[in-house]
Number of protein chains: 2
Amino acid sequence: MKKKVLVVGAGGVGAYFGGRLAQSGMDVSVLCRSNYEQVKKEGFNIKSIAGDFSFKPAGVYRSCAEYPDDADYLIVTTKVLPDIDVVKIIKDAVKPGTMIVLIQNGIEIEQEVAKAFPDNELVSSIAYIGVFQLEDGKIFHQAAGRLKMGVYKGGSSEKMDLLSANFNKVNVECEAVEDIEFFRWVKLVWNTPYNPVSVLAGGVDTKVISETKALEDLCVELMKEVCAVAKSRGIHLPDDIIQKNLEYTRGFPPYKTSMLLDFENKRPLEVKAIVGEVVRIANEKKVAVPHLETVYALLSAVDIKNRY
Amino acid sequence: MKKKVLVVGAGGVGAYFGGRLAQSGMDVSVLCRSNYEQVKKEGFNIKSIAGDFSFKPAGVYRSCAEYPDDADYLIVTTKVLPDIDVVKIIKDAVKPGTMIVLIQNGIEIEQEVAKAFPDNELVSSIAYIGVFQLEDGKIFHQAAGRLKMGVYKGGSSEKMDLLSANFNKVNVECEAVEDIEFFRWVKLVWNTPYNPVSVLAGGVDTKVISETKALEDLCVELMKEVCAVAKSRGIHLPDDIIQKNLEYTRGFPPYKTSMLLDFENKRPLEVKAIVGEVVRIANEKKVAVPHLETVYALLSAVDIKNRY
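About the thresholds
- Residues numbered from 1 in each chain as written.
- Chains lettered and ligands numbered in written order.
- Predicted model: local features only at pLDDT ≥ 70, side-chain atom pairs only at ≥ 80, totals over all residues.
- Heavy atoms only, no water.
- Helix = DSSP H or I, 4+ residues; strand = E, 2+ residues; numbered from the N terminus.
- Expected span 1.5 Å × (residues − 1).
- Buried < 20%, exposed > 50% of the residue type's maximum accessible area, 1.4 Å probe, protein only.
- Salt bridge = Lys/Arg side-chain N within 4 Å of Asp/Glu carboxyl O.
- Contact = heavy atoms within 4.5 Å.
- Buried area = accessible area lost by both parts, 1.4 Å probe.
- Polar contact = N/O pair within 3.5 Å; in protein donor to acceptor, adjacent residues only side chain to side chain.
- Nonpolar A, V, L, I, M, F, W, Y, C, P; charged D, E, K, R; others polar.
- Core = buried A, V, L, I, M, F, W, Y, C linked by side-chain atoms within 4.5 Å.
- Axes fitted to C-alpha atoms, helices over the stretch in contact; angles between N-to-C directions.
- Left-handed = near helix turned anticlockwise from the far one by under 90°.
- Pairing = 2+ DSSP bridges.
- Least-squares fit on C-alpha atoms with pLDDT ≥ 70 in both.
- Domains from an automatic or database assignment.
- Phe/Tyr/Trp six-rings, centres within 6.5 Å; stacked < 30°, edge-to-face > 60°.
- Lys NZ or Arg CZ within 6 Å of the ring centre and 35° of its normal.

**Q** When you look at helix α1 (residues 12–23) of chain A in this model, what are you seeing that I'm missing?
**A** Residues and elements named next belong to chain A. Its 12 residues place the ends of α1 17 Å apart at the C-alpha level, agreeing with the 16 Å of an ideal helix rising 1.5 Å per residue. With 9 of its 12 residues buried, α1 lies for the most part within the structure. Those residues of α1 that sit buried are Gly12, Gly14, Ala15, Tyr16, Phe17, Gly18, Gly19, Arg20 and Leu21. Once α1 ends, the next one or two residues include Gly25, with phi positive near 105 degrees.

So this is what it looks like as structure tokens:
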């Protein structure tokens, strides 16, 4: 029997990875909000650098209570925002055998889910992908497209390995790792500078940041602070991570960060997950993060001003 | 014989103070750029909290070379911007007896003028005023309206005292001070946080800043850094200056900073005069200014993005 997957949060990330799992032979349903009507009618049309495809979900729902099955995998791909209460959204679809898989940005995103569903397996996953919804149901996958996943708090899981194998079957590189938190911090070292700076510098792409010395220098300072906070948590990032990030980003074609796209579309920004949590931990651990503090204060205000 | 005044830079500040000097009985001409046609034809129409008035300049010119007289006072009220070469603009009107009076924002604004015209008296002046040009020739004076002035590098001057007396004659409070640089730094402690934050936080007025804890806290950090830089220059600001600034600003009606007005009108921002020079001195004196650095990098980028 086909394994059942329910994807909660069917924007770019959810539609893309959900669609790939459907191609791998799984039974994939989705929970939609603003794009419900369109997706219910015609499914997703996905333009992808890894090959265009259509994705017609097995079921399209507005809430977890409507989902009629017991999901083997409940994959959460919502943004990490104070207004989005993941526990509340997913609780009606979390059954005894359901594995919860969070494919989300930021750090410290797992605790509430782990606490609410202590008897369910919980997997934390990071997406390395440039993908967004152009309009309802139309997805544009423009860059990368990999995953890393790990059992929350470490260890292994056969069920997770099966999911990972299904991704790899359809050429989505998915790596199971022992210590997913480490990789969350690694990703954060990129996200925390480049996302906010792209917005706060007036709406600039990565090329402008890389070519503007003052902005790239600011990114370096922000990265140093993120590394210092990671260290205070016992996470030792590679010595060359900052230099690698600079070189990697300089090599991009002009790229708008996901936060800049959210800003331009007047959507809420992942301020807390990408900046706020780092500042919170820094304060707790007495690590000085003046550049981050400045960015956090400004970005929080910009986020509010942009939406209201 | 009437004393002759030439005002260079006839935006809000120049029109207002020039107009008041004309009321005091001086012969006031102006140098205009974008508003030349309108001012030549109809002069200035000034709506002011201290009483509305019209100001028909004695002469309206496009360049200092056109000015036919020997000015007793050449008053510079241009913005302080890298593109504006004050020495070049004023040189044709600087005659042996001309006193040069700079009514401008920022710090370190006098050196080039002093160097170019070593034989002329140089006065440095600070305006405490909320005034801007609504449209060509239409000025709106909405708040305050005082001046402090002092001989550059200290000392006194009868000629400056006469100018000051003329201002006071028409109810423009103008105080001659011994150490104008001290007051430049005092003003900077307000300007350097509130102006940039009003722009970078997404375009917010002083009320929003005062009521948003994270933004007000950021202003405090920026003020502390400005005070530390001032101290490295031997300028000791009062201990309670930060607290006073907070209280003073909380008492404002919602007020858009001049930098925010410039930003909204896509005009160049006084980034260098208000932030860059402080950072430059901090680097020179090895004072840590991480919050200022962050603001400086972002604001420089925003300024460019906003205009091109």
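**Q** Before we go on, may I ask you to explain the pattern of salt bridges in this structure?
**A** Once their charged atoms are close, side chains differing in charge can pair, the charge on each being opposite to the other. For the coordinates displayed, the defined rule picks out 38 salt bridges over all chains. One salt bridge in this structure joins Arg233(A) and Glu108(A), with 2.5 Å as the shortest N-O distance. Within this pair, whereas Arg233(A) is found in the loop between α8 (213–232) and α9 (241–250), its partner Glu108(A) is found in the loop between β7 (99–103) and α4 (111–116), the two being separated by 125 residues in sequence. Note that Glu181(B) and Arg233(B) form a salt bridge whose closest N and O atoms lie 3.6 Å from each other. Within this pair, whereas Glu181(B) is found in helix α6 (residues 180–200), its partner Arg233(B) is found in the loop between α8 (213–232) and α9 (241–250), the two being separated by 52 residues in sequence.

**Q** When you look at the interface of chain A and chain B in this model, what are you seeing that I'm missing?
**A** Chain A puts 19 residues into the contact, and the matching count from chain B is 19 residues. When chain A packs against chain B, close to 1600 Å² is buried across both sides, 74% of that on carbon and sulfur atoms. In terms of surface lost to chain B, no three residues of chain A exceed Thr294(A), Leu298(A) and Lys305(A), which account for 30% of the buried area on that side. The tally of links between chain A and chain B comes to 0 salt bridges. At the surface where chain A touches chain B, the tally comes to 4 residue pairs in polar contact (both at pLDDT 80 or more). Those elements that provide at least two residues to the side of chain A that touches chain B are α6 (180–200), α8 and α12 (290–307) of chain A. In terms of residue class, the side of chain A that touches chain B is built from 13 nonpolar, 4 polar and 2 charged.

**Q** So what exactly am I meant to see when it comes to the nonpolar core here?
**A** In summary, soluble globular proteins display a tendency toward joint burial of nonpolar side chains. Grouped together as the largest cluster of nonpolar side chains are 96 residues, with contacts concentrated most on Trp185(A), Val197(A), Leu298(A), Trp185(B), Val197(B) and Leu298(B). Those residues in contact with Trp185(A) that sit more than four places away from it in its chain are Ile107(A), Val226(A), Val229(A), Ala230(A), Arg233(A), Ile235(A), Leu237(A), Val278(A) and Ile281(A).

**Q** I keep staring at the packing of α8(A) against helix α12 (residues 290–307) of chain B and nothing clicks. Help me out?
**A** The axes of two packed helices give the description: the angle between them and the distance between them. Relative to each other, α8(A) and α12(B) sit at 145 degrees, their axes nearing to 9 Å. Considering only the axes of α8(A) and α12(B), their crossing is left-handed. Contact residues: α8(A) offers Ala214(A), Leu215(A) and Leu218(A), while α12(B) offers Thr294(B), Ala297(B), Leu298(B) and Ala301(B). Along the lines of polarity and charge, the residues of the contact of α8(A) with α12(B) split into 6 nonpolar, 1 polar and no charged.

**Q** Hey, could you run me through the pairing of strand β6 (residues 73–76) of chain A in this one?
**A** Where a strand is regular, its side chains alternate between the two sheet faces. Residue and element names in this part refer to chain A. Across the two faces of β6 the burial is the same, with Tyr73 and Ile75 and Leu74 and Val76 all buried. The pairing of strand β1 (residues 4–8) with β6 spans 4 bridges and is parallel. Of the residues in β6, the one forming a bridge with Leu6 is Leu74. Of the strand pairs in this sheet, β6 and β7 are connected by 4 bridges, and their pairing is parallel. Within the sheet, the bridge partner assigned to Val76 lies in β7 and is Leu102.

**Q** Would you mind going over the relation of the copies chain A and chain B with me for this structure?
**A** Note on the chain copies: they are related by a rotation about an axis and a translation along it. With an axial shift of 0.0 Å and an RMSD of 0.0 Å, the rotation relating chain A to chain B amounts to 180 degrees. Between the two chains, the operation in question is that of a two-fold axis. Both copies present the same face, since 100% of the interface residues in chain A are matched by interface residues at the equivalent positions in chain B.

**Q** Whenever I open this one, α12(A) confuses me. Can you help?
**A** Spacing of three or four residues puts side chains on the same side of an α-helix, whose turn is 3.6 residues. Here α12(A) contains 18 residues, and its C-alpha end-to-end distance of 26 Å stays within 8% of the 26 Å for a straight helix at 1.5 Å per residue. Along α12(A), the residues classified as buried are Pro290(A), His291(A), Leu292(A), Thr294(A), Val295(A), Ala297(A), Leu298(A), Leu299(A), Ala301(A), Val302(A), Asp303(A) and Asn306(A).

**Q** Quick question: what am I supposed to make of the domain arrangement of chain A here?
**A** Often the size quoted for an interface is simply the accessible area lost on bringing the parts together. Residue and element names in this part refer to chain A. Segmenting chain A into domains produces domain 1 (4–178) and domain 2 (182–307). Inter-centroid distance (C-alpha atoms) of domain 1 to domain 2 is 25 Å. In this assembly, 24 residues from domain 1 lie in contact with 21 residues from domain 2. The contact between domain 1 and domain 2 buries some 1900 Å² in all, and 57% of this surface belongs to carbon and sulfur atoms. Considering only the side of domain 1, the residues that lose the most area to domain 2 are Asn105, Ile107 and Glu108, jointly responsible for 33% of the buried surface there. In this assembly, domain 1 and domain 2 are joined by 4 salt bridges.

**Q** Help me understand the environment of Val39(B), please; the structure alone is not making it clear to me.
**A** All names here are of chain B. Mapping Val39 onto the fold places it in helix α2 (residues 36–42). Taking the C-alpha atoms as reference points, Val39 and Ala114, 75 residues apart in sequence, are found 30 Å from one another. Those residues in contact with Val39, other than ones at most four positions away along the chain, are Val30, Cys32, Phe44, Pro57, Val60 and Gly137.

**Q** Which parts of the structure should I look at to understand the side chain of Thr98(B)?
**A** Residue and element names in this part refer to chain B. Among the structural elements, Thr98 can be located in the loop between α3 (86–90) and β7 (99–103). Within the structure, Thr98 has its side chain in polar contact with the backbone oxygen of Ala71 (distance 2.9 Å). Apart from the residues lying within four places of it in its own chain, the contact partners of Thr98 are Ala71, Asp72, Tyr73, Leu74, Ala93, Asn120 and Glu121.

**Q** Is there a simple way to think about the packing of aromatic side chains in this case?
**A** Think of a pair of aromatic rings as described by two things: how far the centres are apart, and how the planes are tilted against each other in angle. One pass over the structure, following the stated rule, counts 22 aromatic pairs over all chains. Ring centres of Trp190(B) and Phe252(B) lie 6.1 Å apart, and the angle between their planes is 40 degrees; this geometry places the pair in the tilted category. One end of the pair, Trp190(B), is in helix α6; the other, Phe252(B), is in the loop between α9 and α10 (258–264), and 62 residues separate them in sequence. Judged by relative accessible area, Trp190(B) falls into the buried class, the value being 11%. Among the aromatic side chains, those forming a connected cluster through ring pairs are Trp190(A), Tyr194(A), Tyr248(A), Phe252(A) and Tyr255(A). Between the NZ or CZ atom of Arg62(B) and the centre of the ring of Tyr36(B), over which it lies, the distance is 3.9 Å. The ring of Tyr128(B) has Lys187(B) sitting right over it, with the charged end atom 5.5 Å from the ring centre.

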